[in-house]
Amino acid sequence: MARAMASKNPAQAAIYRIQAAEAFAYQDTYSRVIDALTPINLSLLNNQDADQARRLRAEAWLNLGDLQAAEAALSGLSNWQPEDQLILAEICKNLSNFRCAADGYIQASITLGLGAPELPADINDQIWQMLSRAQSAPGAFTHRYHHGWWLLQQSIRDAGSITGQMQAWQAWQDRYPSHPANLQPPQALAQLSNYQLPKIAFLLPLSGQFGSAGQAVRDGLIAAYLGDTGRSKPTIRFYDTGAKPAAQLYEDALAGGADVLVGPLLRDEVAEFARATATSQIPRLVLNYLTPPGTPMRPSESTSPLFQLGIAIEDEAATLVNHILLSGFENTLVIHSNERWARRALNAYIESWPHEMSRAAFTDIQNLTSSVGEAMQVAASESRRTSIANVLGKPLEFLPRARGDLDAIVAFTNQVEAQALVPALRFHFADDLPVFATSQTARGDAYNVLDGFELTEMPMFANPNEAQSFLIEAYALQSNPLAELYALGFDAFRVATWLPLLNPQSQIALPGASGNLWLEPGGRFRRDLVLNRISDTGERISR
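Below is a short write-up of the structure. (Residues numbered from 1 in each chain as written. Predicted model: local features only at pLDDT ≥ 70, side-chain atom pairs only at ≥ 80, totals over all residues. Heavy atoms only, no water.)

Here we look at the side chain of Arg55
- Among the secondary structure elements, Arg55 is positioned in helix 4 (residues 47-64).
- A relative accessible area of 9% places Arg55 in the buried class.
- When near neighbours in sequence (up to four residues on either side) are disregarded, Arg55 contacts Leu77, Asn79, Gln81, Glu83, Asp84 and Ile87. (Helix = DSSP H or I, 4+ residues; strand = E, 2+ residues; numbered from the N terminus. Buried < 20%, exposed > 50% of the residue type's maximum accessible area, 1.4 Å probe, protein only. Contact = heavy atoms within 4.5 Å.)

Set out below in structure tokens:
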């Protein structure tokens, strides 16, 4: 840096700064990388040196957590290198843009070749993790290996159950014998070779106060079982927690030869079941969460294979955050009721949102309009007009104005509240802003008044497979208030078939009815949902 400061030649000083930035990056002092590069005028440099400065900036901003700045730095590259694809993949992964992340890893792997020292040792595992969470493939492919990766993703996703996936994996291997994924299979797929069908016990409330909820989960499970396209299927058996405590049914299930246990469903029973089976080595999947979803979860020190899967509004809030960020919006207004689910969604949104945000809270639908007006600062505009008129001593011709700094609206409201929100936004000059909301807004009918709203949606409704279509039709799930429990049951069967191959620290993502499922460290499955846009006719259109 001393030579850069002393140099009277701006181009040479820039070269010295790049060399200093390289040294700082090697020492992982990324704030000093930015300090060294900030004064550089890139137009003074040749393409190679300018690209190196951009590359160093991108890596530094990535490590400092400013993903937008990192992405902007890479966008100016004139000649992309494999290391740039790896940086881009890391940026996209942290932005939850999994298709971009998968393609970045794939392109770097193809260019460098499997086993290249520049690649992470687990590159194929990272590729597969991103592919598993990606919701759509790119429009074009650059290489037969690139196409092969995405075809593998589609084949495994379409196969559904683990037995169907075993067949799909074998067929894909036969088609692509020299593909990098065949030469060094991702761990999740390599394990399929040693898979044995388990005996699965389901512990659900099939009678009593919560019998209807348990029966919905059971019927979803059976639909997934019947839709299993594999040549053979696991043995399943149901136990009624409405008639006997889950901890006692655990012993009955073991006596019956169960290898995997699923349930219980109710939160209090889940907590008690987890305590009672804390030392068990039998894989268990409870259908609720031990700690509030969305809260940080420490990897368990226990070796007991306990997994958690549930339906949580926090996953919908996280989905909204990801989609809004990918849309390029920053300053949002969150409008929310005082219902418990809305407060939970708000907390999850605040936890993940990295930019400015405002809030408009209402306790009753009757004060929704005034809450929106206050947040849009229309009342302040009226007050300024009154003050000026008083000073001048005469009335003014005046059109109230709303604030102009907002990019989008986020609504944690039910459908009745959302219908009242539409005219409130129009009245306060905010009807031109995009509105994002959760599936709670889509309960009931009369979607057409929500024209333009973008809502989280379960994949089962957005893009159902054959088994899910049967389930939707058989139980009229489009208007069924228990639809999420049917989807939970469907996913519980699919996840249960995988449990013998997993531990709570495994990295795996699975397509599901309630969401695209992924396992976070500690054994808790989370959901990525899709977004639908409501048309002026009330039709839901996939985004």
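Some words on the sheet that holds strand 15 (residues 540-542)
- One open sheet accounts for seven strands, arranged 7-6-8-9-10-14-15; its pairing is mixed. Looking along the sheet, the strands with just one partner apiece sit at the ends: strand 7 (357-361) and strand 15. Direction aside, the axes of adjacent strands within the sheet are offset by 30° on average.
- Across five bridges, the pairing between strand 6 (residues 332-336) and strand 7 is parallel. Following the sheet pairing, Thr332 is matched in strand 7 by Met357.
- The strands that helix 18 (residues 368-376) touches are strand 6 and strand 7; relative to strand 7, the one it contacts most, it runs at about 155°. (Pairing = 2+ DSSP bridges. Axes fitted to C-alpha atoms, helices over the stretch in contact; angles between N-to-C directions.)

Description of the pattern of salt bridges
- Tallying each qualifying case throughout the model produces 13 salt bridges.
- A salt bridge links Arg526 to Glu520; the nearest nitrogen and oxygen atoms lie 3.8 Å apart. The same class applies to Arg526 as to Glu520, namely buried.
- One salt-bridge network, held together by shared partners, links Asp315, Glu520, Arg524, Arg526 and Arg527. (Salt bridge = Lys/Arg side-chain N within 4 Å of Asp/Glu carboxyl O.)

Comments concerning empty space enclosed by the protein
- The tally for this structure, following the rule as stated, stands at two cavities of 30 Å³ or more.
- Taken together, 13 residues make up the lining of the largest cavity; nearest its centre are Trp128, Ser132, Ile156, Ala509 and Leu510.
- At the level of secondary structure, the elements contributing two or more residues to the lining of the largest cavity comprise helix 8 (123-133), helix 9 (144-159), helix 12 (187-190) and strand 11 (509-510).
- At three residues, the largest contribution of residues to the lining of the largest cavity is made by helix 9.
- Along the lines of polarity and charge, the residues of the lining of the largest cavity split into nine nonpolar, three polar and one charged.
- Estimates place the volume of the second largest cavity at around 60 Å³.
- Gly160, Ser161, Ile162, Gln165, Arg494, Val495, Thr497, Trp498, Leu510, Pro511 and Leu517 together form the lining of the second largest cavity.
- Among the secondary structure elements, those contributing two or more residues to the lining of the second largest cavity are helix 10 (162-175) and helix 23 (483-498).
- With four residues, helix 23 is the largest single contributor of residues to the lining of the second largest cavity.
- A per-class count over the lining of the second largest cavity returns six nonpolar, four polar and one charged. (1 Å grid on protein atoms, 1.4 Å probe; cavity = no way out; pocket = protein on both sides within 12 Å on 5 of 7 lines; lining within 4 Å. Points joined across faces, edges and corners; volume = space filled by probe spheres on them. Nonpolar A, V, L, I, M, F, W, Y, C, P; charged D, E, K, R; others polar.)

Some thoughts on the layout of surface pockets
- The volume enclosed by the largest pocket comes to roughly 1,200 Å³.
- In terms of lining residues, the largest pocket is bounded by 45 residues, among which Gln135, Arg157, Asn463, Asn516 and Val530 are the most central.
- Those elements giving two or more residues to the lining of the largest pocket turn out to be helix 7 (98-112), helix 9, helix 13 (211-226), helix 16 (313-326), helix 21 (459-462), helix 22 (466-474) and strand 14 (530-534).
- Examining the composition of the lining of the largest pocket, we find that six residues originate from one element, helix 9, more than from any other.
- Taken together, the residues that form the lining of the largest pocket break down as 17 nonpolar, 20 polar and eight charged.
- The volume enclosed by the second largest pocket comes to roughly 1,000 Å³.
- At the level of elements, helix 5 (67-75), helix 6 (82-94), helix 7, helix 8, helix 16, helix 17 (340-352), strand 12 (516-520) and strand 13 (524-528) are the ones that each hand at least two residues to the lining of the second largest pocket.
- The greatest single-element share of the lining of the second largest pocket, amounting to seven residues, is contributed by helix 16.
- Class assignment of the residues belonging to the lining of the second largest pocket gives a composition of 15 nonpolar, 15 polar and eleven charged.

Observations concerning the side chain of Asp228
- Along the chain, the position of Asp228 falls in the loop between helix 13 and strand 2 (235-240).
- Not counting the four nearest positions on each side in its chain, Asp228 is found in contact with Ser161, Thr163, Gly164, Lys233, Pro234 and Phe493.

Observations regarding the packing of helix 3 (residues 30-37) against helix 4
- The interhelical angle for the contact between helix 3 and helix 4, taken along N-to-C directions, is 145°, at an axis separation of 9 Å. Crossing of helix 3 over helix 4 shows left-handed handedness. Note on element contacts: helix 4 touches helix 3 through Ala53, Leu56, Arg57, Glu59, Ala60, Trp61, Asn63 and Leu64, opposite Tyr30, Ser31, Val33, Ile34 and Leu37.
- Residue classes in the contact of helix 3 with helix 4 are distributed as nine nonpolar, two polar and two charged. (Left-handed = near helix turned anticlockwise from the far one by under 90°.)

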